[in-house]
Amino acid sequence: MEVKIGVQHAPREIVLESGQSVEEVESAVSDALSGKAQLLTLADDKGRKILVPADRLAYVEIGEPTVRKVGFGAL
């Protein structure tokens, strides 16, 4: 799934493809915003970890990945 993270005072958002479920991402965001965790920690499909300080989170958007169409065909 695609996850977009907005960070305060940063000009660009963080976009990653994650294999985690929607519930896992929501739980991690909820823990970070409630103060249970100081960092929002997510893993992407390439095995990297993304760490964002909880007090710098602006927004988190959780969605399905867009499928790129390749080739010729009728739209």
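To be clear, the structure that these remarks concern was listed above.
Source: prediction; values computed, not measured.

Observations regarding the sheet that holds strand β5 (residues 57-63)
Argument step 1. The sheet built from three strands is open, its strands ordered β2-β1-β5 with antiparallel pairing. Bordering the open sheet on either side are β2 (14-17) and β5, each of which pairs with just one other strand. Taken pair by pair, the neighbouring strands of this sheet meet at an average axis angle of 15°, ignoring direction.
Argument step 2. Contacting β1 (2-7) and β5, helix α1 (residues 22-34) crosses the sheet at an angle of about 170° to β5.

Things to note about the nonpolar core
Argument step 1. Of all hydrophobic cores here, the largest spans 15 residues; its most connected members are Val 3, Ile 5, Val 25, Leu 40, Leu 42, Val 52 and Leu 57.
Argument step 2. Mapped by element, the contributors of at least two residues to this core are β1, α1, β3 (39-43) and β4 (49-53).
Argument step 3. Counting residues per element, this core draws most heavily on α1, at four residues.
Argument step 4. The residues contacting Ile 5, other than those within four sequence positions of it, are Glu 13, Ile 14, Leu 16, Leu 40, Leu 42, Val 52, Leu 57, Tyr 59 and Val 60.

Overview of the pairing of β4
Argument step 1. Here β4 shows a buried face lined by Ile 50 and Val 52 and an unburied face lined by Lys 49, Leu 51 and Pro 53.
Argument step 2. Across five bridges, the pairing between β3 and β4 is antiparallel. Within the sheet, the bridge partner assigned to Thr 41 lies in β4 and is Leu 51.
Argument step 3. Between the antiparallel neighbours β3 and β4 lie five residues, among them Gly 47 with a positive phi of about 90°.

Here is what the cut-offs are and how they apply
Residues numbered from 1 in each chain as written. Predicted model: local features only at pLDDT ≥ 70, side-chain atom pairs only at ≥ 80, totals over all residues. Heavy atoms only, no water. Pairing = 2+ DSSP bridges. Helix = DSSP H or I, 4+ residues; strand = E, 2+ residues; numbered from the N terminus. Axes fitted to C-alpha atoms, helices over the stretch in contact; angles between N-to-C directions. Contact = heavy atoms within 4.5 Å. Core = buried A, V, L, I, M, F, W, Y, C linked by side-chain atoms within 4.5 Å. Buried < 20%, exposed > 50% of the residue type's maximum accessible area, 1.4 Å probe, protein only.

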